[in-house]
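Spelled out from the first residue to the last, the chains are:
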Amino acid sequence: MHAMPSSNAEHPSSITKGGGILRQPMSVWATAFAAVVAFMGIGLVDPILPAIAANLRATPSQVSLLFTSYFLITAVAMLITGWVSSRIGGKRTLMIGLTLVVVFAALAGTSDTVGQLVGFRAGWGLGNALFVATALAVIVGAASGGAEKAIVLYEAALGLGISLGPLLGALLGDLNWRFPFFGTAILMAVGFLLISTLLKAPPKPAEKTRLSAPIRALGHGGLSTTAFTALFYNYAFFTVLAFTPFVLGMSAHGIGLVFFGWGVMVALASVFGAPALQRRVGTVRVMYLGLALLVLFQLGLAFLGHDGIIVCTILSGIPIGLNNTAFTEAAMEVSDNPRPVASAGYNFVRWMGGALAPYFATKLAEEVNPHLPYVVGAACCVVAIGVLVVRRRHMAPLERVDIDHAFQDEPLPAQA
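Residues numbered from 1 in each chain as written. Predicted model: local features only at pLDDT ≥ 70, side-chain atom pairs only at ≥ 80, totals over all residues. Heavy atoms only, no water.

K.L.:
So what about the overall build of the chain? Which residues, and what values?
P.N.:
Within the chain, the secondary structure is distributed over 16 helices and 0 strands. Taken across its 416 residues, the chain has 58% of its residues classed as buried. Restricting the contact set of the chain to residue pairs at least 6 apart, pairs at least 24 apart contribute 87%. Of the roughly 15900 Å² of accessible surface on the chain, a fraction of 68% belongs to carbon and sulfur atoms. (Helix = DSSP H or I, 4+ residues; strand = E, 2+ residues; numbered from the N terminus. Buried < 20%, exposed > 50% of the residue type's maximum accessible area, 1.4 Å probe, protein only. Contact = heavy atoms within 4.5 Å. Areas by Shrake-Rupley, 256 points an atom, 1.4 Å probe, with all protein chains shown as cover.)

Written out as structure tokens, the structure reads:
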């Protein structure tokens, strides 16, 4: 299997300096729009979690299974995304994923029991996996300006989607808790039309990806270090996202506004903060910084009053944004595996954190006390830092990537 070209293999002088991040082909914007809507689906249910619990007569831990089923299926499905896309092509994979999201999001809006809703979210997760993993590879392959700009664009879509999701959920959920699901289905149908008309089918890989490729890729020390560090980080991330709506004790509008502010912090830190810091101190140090800040905000969520919880929730978007970009770029660049394969292996491991955190956090709150989930989240960040420290030698390849990125900021020498 031939590895795709990686930016850590490019000579600095060959890197494209012209063209800003906004100067992209229409196919990239179409894919990015659909990615925004896909990521909206993550935070969409946040403002309506209490309403779902009340209307379907479910406990918080039962409602949290909306996240668990979604991310568990997403994680496992990541293992087949490369196998599928290498056989039917990236565009068809994207469109199948979008179709599944449209169907299962619409079905979720028809649910009469929490069990039905959890099941439909699982189907939604399958579509999301096929779309998201392939979208990253498509954007990296089609975007102008190199892999770094493409990843920043992808993370911008993530941040924008995560910030808009709670707003859409609040606005539509205030009318009826079912409406956010129908709204997502409509927006994803628009994304389907845009990609079907604007995205030229990329060529299929020269060799088909084996089903075992993502697992085999995790044999690389750098990729496995990145993935398992991200597993613990994502547990903390989704403790904030999935458990905090129950702690806030606010209306759907209130929860939506809090998580909109959080999402704005995620987007700004992803697009502006992380790249700037990576060039100054390096990708691994950005991870250390993001994880340390998240420890502080998790402890603030555990022990501060209501106003402090609001502030810490919003500000926790900063380290989450920093880490989202740093971890994604590390997964793409730390090994010589093809990017789609590296992405699949990395996402399989890291989304397990997103699957475990919502259920265990709400269970801990129900059976012990509402402070403990955040203490466990902070402890997971400490473990993540420990993994990075112990296995830091495996992250050495990122130093070359950081040097290349720093070089891109230097002015070109004047032509004689």
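K.L.:
Can you break down the packing of aromatic side chains residue by residue, with the values?
P.N.:
Considering all chains together, one arrives at 15 aromatic pairs under this definition. When the centroid spacing of 4.6 Å and the interplanar angle of 55 degrees are considered together, the rings of F71 and F238 count as tilted. Of the two residues, F71 is situated in helix α3 (residues 60-88) and F238 in helix α9 (residues 221-248); the sequence distance between them amounts to 167 residues. Where F237 meets W262, the ring centres are 6.0 Å apart and the plane angle is 50 degrees; that geometry is what we call tilted. (Phe/Tyr/Trp six-rings, centres within 6.5 Å; stacked < 30°, edge-to-face > 60°.)

K.L.:
Tell me about the side chain of T313, and name the residues and values.
P.N.:
Mapped onto the elements, T313 comes out in helix α12 (residues 306-315). What makes T313 buried here is its relative accessible area of 0%. Side-chain polar atoms of T313 contact the backbone oxygen of I309, separated by 2.7 Å. With residues up to four places along the chain from it excluded, the contact list for T313 reads V240, T244, V258, F259, W262 and L301. (Polar contact = N/O pair within 3.5 Å; in protein donor to acceptor, adjacent residues only side chain to side chain.)

K.L.:
Explain a nonpolar patch on the surface to me, and be specific about the residues and the numbers.
P.N.:
A surface patch of nonpolar side chains, amounting to about 280 Å² of accessible area, comprises M26, W29 and L198. Take M26: it is sitting in helix α1 (residues 26-43). (Patch = residues over 30% accessible without salt bridge, like charges linked within 9 Å, V, L, I, M, F, W, Y side chains within 5 Å. Salt bridge = Lys/Arg side-chain N within 4 Å of Asp/Glu carboxyl O.)

K.L.:
Lay out helix α13 (residues 317-333) in plain terms, naming residues and giving numbers.
P.N.:
The terminal C-alpha atoms of α13, which comprises 17 residues, lie 24 Å apart, in line with the 24 Å expected from a rise of 1.5 Å per residue. Burial analysis of α13 places 16 of its 17 residues in the buried class, which makes it a mostly covered element. (Expected span 1.5 Å × (residues − 1).)

K.L.:
Describe the nonpolar core, listing the residues and the values that go with them.
P.N.:
Counting 122 residues, the largest nonpolar core has I52, F131, F181, I195 and W262 as the members making the most contacts within it. Once residues lying within four places of it in the same chain are set aside, the contact partners of I52 are R57, V63, L66, L117, W177 and F181. (Core = buried A, V, L, I, M, F, W, Y, C linked by side-chain atoms within 4.5 Å.)

K.L.:
A description of the side chain of R121 should follow, citing residues and the corresponding values.
P.N.:
The topology assignment puts R121 in helix α5 (residues 114-142). Classification of R121 by relative accessible area gives buried; the value is 0%. A distance of 3.2 Å separates a polar atom in the side chain of R121 from the backbone oxygen of L66. Among residues more than four places away in sequence, those in contact with R121 are G41, V45, L66, F67, S69 and Y70.

K.L.:
An account of the environment of S251 is needed here, citing residue identities and associated values.
P.N.:
Mapping S251 onto the fold places it in the loop between α9 and α10 (252-281). Remark: the alpha-carbon pair of S251 and P50, spanning 201 residues in sequence, is separated by 8.7 Å.

K.L.:
Any details on the packing of helix α11 (residues 283-303) against α13? Residues and values, ideally.
P.N.:
Between α11 and α13, the shortest axis-to-axis distance is 8 Å and the interhelical angle comes to 145 degrees. The crossing of α11 and α13 is left-handed. Contacts between α11 and α13 involve T283, V286, M287, L289, G290, L291, L293, L294 and F297 on the former and, on the latter, P319, I320, L322, N323, A326, F327 and A330. Here the contact of α11 with α13 is built from residues that sort into 13 nonpolar, 3 polar and no charged. (Axes fitted to C-alpha atoms, helices over the stretch in contact; angles between N-to-C directions. Left-handed = near helix turned anticlockwise from the far one by under 90°. Nonpolar A, V, L, I, M, F, W, Y, C, P; charged D, E, K, R; others polar.)

K.L.:
Outline the environment of S111, supporting the account with residue identities and numerical values.
P.N.:
Mapped onto the secondary structure, S111 falls in the loop between α4 (90-108) and α5. Judged by relative accessible area, which is 0%, S111 ranks as buried. Residues S111 and L56 lie 55 residues apart in sequence; the distance between their C-alpha atoms is 9.2 Å. Not counting residues up to four positions away in its chain, the partners in contact with S111 are Q116, L117, F120, W177 and R178. Polar contacts involving the side chain of S111 include one to the main-chain carbonyl oxygen of A108, which spans 3.0 Å.

K.L.:
Which residues make up the packing of α10 against α13, and what values go with them?
P.N.:
When two helices pack together, their arrangement is given by the angle between the helix axes and the distance between those axes. Direction vectors running N to C along α10 and α13 enclose 50 degrees, while the axes themselves pass 7 Å from each other. By the angle between their directions, the pair α10 and α13 is classed as oblique. Judged by the sense of rotation from one axis to the other, the crossing of α10 with α13 is right-handed. Contacts between α10 and α13 involve W262, M265, V266, A269, S270, G273, A274, L277 and Q278 from the former and G317, I318, I320, G321, L322, N324, T325, A326 and E329 from the latter. Within the contact of α10 with α13, the residues separate by chemical class into 10 nonpolar, 7 polar and 1 charged. (Parallel < 35°, antiparallel > 145°, perpendicular 65-115°, else oblique.)

K.L.:
Lay out empty space enclosed by the protein in plain terms, naming residues and giving numbers.
P.N.:
Applying the stated criterion to the full structure yields 2 cavities of 30 Å³ or more. Lining the second largest cavity we find I42, L158, I162, F237, F238, N324, R350 and W351. Grouping the constituent residues of the lining of the second largest cavity by class yields 6 nonpolar, 1 polar and 1 charged. (1 Å grid on protein atoms, 1.4 Å probe; cavity = no way out; pocket = protein on both sides within 12 Å on 5 of 7 lines; lining within 4 Å. Points joined across faces, edges and corners; volume = space filled by probe spheres on them.)

K.L.:
Go over the pattern of salt bridges with me, naming the residues and quoting the values.
P.N.:
Enumeration according to the criterion identifies 2 salt bridges in this entry. For E367, the salt bridge goes to K363, with nearest N and O atoms at 3.4 Å. Separated by 4 residues within a single helix, E367 and K363 lie in helix α14 (residues 339-367), roughly one turn from each other.

K.L.:
Help me get a handle on helix α15 (residues 372-390), residues and values and all.
P.N.:
Over its 19 residues, α15 extends 27 Å from the first C-alpha to the last, a length consistent with the 27 Å expected when each residue adds 1.5 Å. Within α15, burial applies to P373, Y374, G377, A378, C380, C381, A384, V387 and L388. At its buried positions, α15 is contacted by α9, α11 and α14.

K.L.:
Lay out unusual backbone geometry with the relevant residues and their values.
P.N.:
Its identity is not glycine, yet R57 carries a phi of approximately 50 degrees, on the positive side. Checked against the element boundaries, R57 lands in the loop between α2 (49-55) and α3.

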